Amino acid sequence: GLRPCLRRCWRWISAAGTNAETNLAAAERCRNRWGTLGAGGNLSAYEFWIAEAAPAVTRTFIDDENPNGAGSLDVYLANLAGPSSEAERLAVYTYLLTKKALGTGILRAFAAPVLGVTVSGTLYAPSNLGAIAEATTALETLQGELPLSGLLYKEEIEARLMSIEGAINIVLATPASDTTI
């Protein structure tokens, strides 16, 4: 074990470690935690509570436009692999019910719907025999990082595919332009 050192002594970490989360993810989590201090909950608070209830849920969309009448919310959930599992959805729903302010409207939680986007084209990477497998991995990684609403930029797809070792060019046939997700 370690003993206190009364004289000059040096101790250092002898084994490398990794961060449990990225700096950006830690900052986002802290920002969302701040939102829980308000009464009744706001979007940041709901994002924080969702992460507390189901840490595997990495992407959310909260429809706070009163989809089911005054004060109602619909929450859509996804993990890195796609729509959230039923266990994740139920964990989030039951946890959010304990946080929901009295007198607010209906709260519903859903697994995010699946939206298929076909990506087809030609990847020129003559020196990389595994380029197709790497392209598949790159697109699967992109899928796990996409927000549940917004735009999927064609340029982002091209950039991911051009980052493959040995890639010289990519010509996408589909999508022909940015796609609303």
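Note that the structure is a prediction, hence the values are computed from the model and not measured.

A. Seen up close, the overall build of the chain. Within the chain, the regular secondary structure consists of 5 helices and 8 strands. Moving toward the C terminus, one meets the helices and strands of the chain in the order α-α-β-β-β-α-β-β-α-β-α-β-β. Taking all 181 residues of the chain together, the buried fraction comes to 28%. Considering only contacts within the chain whose residues lie at least 6 apart along the sequence, 54% involve residues at least 24 apart. On the chain, roughly 12,000 Å² of surface is accessible, and the fraction owed to carbon and sulfur atoms is 58%.

B. Quick look at the pairing of strand β2 (residues 73–79). Most of β2 is tucked away, with 6 of its 7 residues classed as buried. In the sheet, strand β1 (residues 57–63) pairs with β2 via 6 bridges, with the strands oriented antiparallel. If you follow Arg59 over to β2, its bridge partner there is Ala78. Pairing of β2 with strand β4 (residues 107–111) involves 5 bridges; the strand directions are parallel. From the neighbouring strand, Leu77 faces β4, where its bridge partner is Ala111. Pairing of β2 with strand β3 (residues 82–83), which is carried by 2 bridges, proceeds in the antiparallel orientation. Each bridged residue has a counterpart across the sheet, and for Ala78 the counterpart in β3 is Pro83. Turn length for the β2-β3 hairpin, with the two strands adjacent in sequence and antiparallel, is 2 residues.

C. Just the packing of helix α2 (residues 43–53) against helix α3 (residues 86–99), in detail. Two numbers describe how α2 lies on α3: the axes approach to 9 Å, and their chain directions differ by 130°. Taken as axis vectors, α2 and α3 run oblique relative to one another. As for how α2 packs across α3, the hand of that crossing is right-handed. Of α3, the residues touching α2 (which contributes Tyr46, Trp49, Ile50, Glu52 and Ala53) are Ala91, Val92, Tyr95, Leu96 and Lys99.

D. A look at the side chain of Asn79. Position of Asn79 among the secondary structure elements: in strand β2. Using a relative accessible area of 14% as the deciding quantity, one classes Asn79 as buried. In this structure the side chain of Asn79 is engaged in a polar contact, spanning 2.9 Å, whose partner is the backbone nitrogen of Ala81. Among residues more than four places away in sequence, those in contact with Asn79 are Ala56, Val57, Thr58, Arg59, Ser84, Ser85 and Glu88.

E. Fine view of α3. Over its 14 residues, α3 runs 20 Å from end to end, which matches the ideal 20 Å to within 8%, given 1.5 Å per residue. Against α2, β1, β2 and β4 lie the buried residues of α3.

F. Summary view of unusual backbone geometry. The step from Thr174 to Pro175 runs through a cis peptide bond, and the omega angle for that step is -5°. Tracing the backbone shows Pro175 in the loop between β7 (169–174) and β8 (179–180). Although it is not a glycine, Asn66 adopts a positive phi angle of roughly 55°. Following the sequence through the fold, Asn66 ends up in the loop between β1 and β2. For Asn66, a relative accessible area of 41% gives the class partly exposed.

Cut-offs applied
- Residues numbered from 1 in each chain as written.
- Predicted model: local features only at pLDDT ≥ 70, side-chain atom pairs only at ≥ 80, totals over all residues.
- Heavy atoms only, no water.
- Helix = DSSP H or I, 4+ residues; strand = E, 2+ residues; numbered from the N terminus.
- Buried < 20%, exposed > 50% of the residue type's maximum accessible area, 1.4 Å probe, protein only.
- Contact = heavy atoms within 4.5 Å.
- Areas by Shrake-Rupley, 256 points an atom, 1.4 Å probe, with all protein chains shown as cover.
- Pairing = 2+ DSSP bridges.
- Axes fitted to C-alpha atoms, helices over the stretch in contact; angles between N-to-C directions.
- Parallel < 35°, antiparallel > 145°, perpendicular 65-115°, else oblique.
- Left-handed = near helix turned anticlockwise from the far one by under 90°.
- Polar contact = N/O pair within 3.5 Å; in protein donor to acceptor, adjacent residues only side chain to side chain.
- Expected span 1.5 Å × (residues − 1).

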